[in-house]
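Each chain, letter by letter, is given below.
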Amino acid sequence: MIEEAIKIGKKLAAYGLIDGASGNLSFRKGGKIVITKTGVVLDELTEEDFVEVEIGKKRDDASSDLYVHEKIYEETDYKVVLHCHGVYGVTLSLFFDEIIPLDLEGKMFIGTLKIVEGKFASPSLAEKIAKSVKEKGVCLVRGHGIYSAGESFDEAFKLASYLEHSCQILFNYEVFRRVLANPYHACRQ
């Protein structure tokens, strides 16, 4: 599974879903979680960038999102979790309370998705994220990014990609709708 996680880390970067040391990945391994270390760069992952943590335990070098991953695993049967910071998802989460995809894939695979918010690293936010992931397989946190889960990293990646793509379409739609409503005014500014 680590090889698959390393591949997805590179793919997240290639698709513009992470930047710098943002984001994290994990998978279940029996009664443990294998998760990326805090501060690692996902498109440069090696086997040494992962730590094993018993569920319910802490580890200082594990991702600061360990508790969120644990909550998702407690609430679901998913085998992997990923977290990324797509620009369009983060941007729209600051303006909307829900994402209603306009594109076919977004409608089919995501549907209407309520934005989750709360204090970073709080138990209540982790519970809200886990609830959304349980219902939809994916979650968008206000000002923070996407969490997705699946049976495999590919499945979780697809959900995150569909959501980010839907956010990009929605963003572009809103911009063009406003420009076309008043092209003279938009061109003069």
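Everything discussed here concerns the structure shown above.
Presented here is a report on the structure given in the accompanying data block. Residue indices begin from 1 for each chain and proceed along its sequence in written order. Residue-level local features of this predicted model are given only where pLDDT is at least 70; pairs of side-chain atoms are given and counted only at 80 or more, and the full residue set underlies all totals for whole chains, interfaces and linings. Water and hydrogen atoms play no part in the side-chain values, which are based on all heavy atoms of the structure.

What follows covers the pattern of salt bridges. The rule for a salt bridge is simple: a side-chain nitrogen of Lys or Arg has to be within 4 Å of a carboxyl oxygen of Asp or Glu. Under the definition given, this model contains twelve salt bridges. K32 serves as the salt-bridge partner of E52, at 3.3 Å between the closest nitrogen and oxygen. Taken together, the residues span a long stretch of sequence, with E52 in strand 3 (residues 50-54) and K32 in strand 2 (residues 32-36) at a distance of 20 residues. A simple rule labels every residue: compare its accessible area, found with a 1.4 Å probe on the protein chains alone, to the largest value its type can have, and call it buried under 20%, exposed over 50%, or partly exposed in between. The exposure class of E52 is partly exposed, given its relative accessible area of 33%. On the basis of relative accessibility, which here comes to 31%, the residue K32 falls in the partly exposed class. A salt bridge links D61 to R59, with the nearest nitrogen and oxygen atoms 2.7 Å apart. Salt bridges sharing partners connect three or more residues here, namely K29, K32 and E52. Here a helix means four or more residues in a row that DSSP labels H or I, a strand means two or more in a row labelled E, and each is numbered from the N terminus.

Once that is clear, we can look at the sheet that holds strand 5 (residues 98-99). Backbone-to-backbone hydrogen bonds pair the strands of a sheet. The strands run either parallel or antiparallel. Read across the sheet, eight strands follow the order 3-2-1-4-8-7-6-5 without closing on themselves; strand pairing throughout is mixed. The outermost strands of the open sheet, each flanked by one partner alone, are strand 3 and strand 5. A pair of strands is treated as paired once DSSP finds two or more bridges between them. Here five bridges tie strand 2 to strand 3, and the two strands are oriented antiparallel to one another. When the sheet's bridge partners are listed, I33 is paired in strand 3 with V53. Where helix 1 (residues 2-14) meets the sheet, it contacts strand 1 (24-29), strand 2, strand 3 and strand 4 (80-84), and its direction lies at approximately 160° from that of strand 1. In the packing of helix 6 (residues 153-181) onto the sheet, contacts are made with strand 1, strand 4, strand 5, strand 6 (113-116), strand 7 (138-141) and strand 8 (145-150), and the angle to strand 8 comes to roughly 145°. We call two residues in contact when some of their heavy atoms are within 4.5 Å. Inter-axis angles, ranging from 0 to 180 degrees, are taken between N-to-C directions of lines fitted to C-alpha atoms, where helices are fitted over the stretch in contact.

Centre distance within 6.5 Å is the pairing criterion for rings of Phe, Tyr and Trp, where only the six-membered ring of Trp is used; planes under 30 degrees apart are then read as stacked, over 60 as edge-to-face, and the remainder as tilted. Evaluation of the coordinates by the stated rule reveals four aromatic pairs. Ring geometry for Y15 against F157: centres 5.0 Å apart, planes inclined by 85°, an arrangement best described as edge-to-face. A residue pair is termed long-range when its members are at least 10 positions apart, and Y15 in the loop between helix 1 and strand 1 and F157 in helix 6 qualify at 142 residues. For the pair Y88 and F171, a centre-to-centre distance of 5.3 Å together with 70° between the ring planes defines the contact as edge-to-face. Note that Y88 is positioned in helix 3 (residues 87-93) and F171 in helix 6, a separation of 83 residues in sequence. Note on Y88: relative accessible area 24%, which makes it partly exposed.

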